[in-house]
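# Understanding the architecture of this molecule
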Amino acid sequence: MAGGVYILVLLVLLATVGRLSVPRRERTALRTWTLRDVYYNVRRGLAVLGAHGPSYPALHETARPAAQRRR
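Residues numbered from 1 in each chain as written. Predicted model: local features only at pLDDT ≥ 70, side-chain atom pairs only at ≥ 80, totals over all residues. Heavy atoms only, no water.

Turning to the overall build of the protein chain, a few remarks are in order. Counting secondary structure elements, the protein chain contains 4 helices and 0 strands. For the protein chain, the succession of helices and strands along the chain, N to C, is α-α-α-α. A total of 71 residues make up the protein chain; the buried ones form 10% of that total. Put simply, the protein chain shows about 6,300 Å² of open surface, and 63% of that area lies on carbon and sulfur atoms. (Helix = DSSP H or I, 4+ residues; strand = E, 2+ residues; numbered from the N terminus. Buried < 20%, exposed > 50% of the residue type's maximum accessible area, 1.4 Å probe, protein only. Areas by Shrake-Rupley, 256 points an atom, 1.4 Å probe, with all protein chains shown as cover.)

This next bit is on helix α2 (residues 35-51). An ideal rise of 1.5 Å per residue puts 24 Å on 17 residues; α2 measures up with 24 Å between its terminal C-alpha atoms. Turning to α2, its buried residues are Asn 41, Val 42 and Gly 45. The arc enclosing the buried residues of α2, seen along the axis, measures out at 105°, which places them on a common side. Residues of α2 that are exposed and point over 90 degrees away from its buried face: Arg 36, Ala 47, Gly 50 and Ala 51. On the buried face of α2, the contacting elements are α1 (2-20). (Expected span 1.5 Å × (residues − 1). Arc of directions from axis to C-beta. Contact = heavy atoms within 4.5 Å.)

What follows deals with the side chain of Asn 41. Position of Asn 41 relative to the elements: it lies in helix α2. A residue is classified by how much of its surface remains accessible, and Asn 41, at 8% relative accessible area, is buried. Residues in contact with Asn 41, not counting those within four places in the same chain, are Leu 14, Ala 15, Gly 18, Arg 19 and Trp 33.

Written out as structure tokens, the structure reads:
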């Protein structure tokens, strides 16, 4: 039960961020949302938050060739 509530809150948060990332005149009214609108707003919210998320320097170190790491 608690896990379901957590997932629901997370989806609402992501959908809200996704909706706010769209200019006001292009937004769909909340009353006319369908599951498709929720899905695309959640995806947009993930993209927005993913762009500002933490970086993983160790992952970037292994992605570069060894010659570039020595510099």
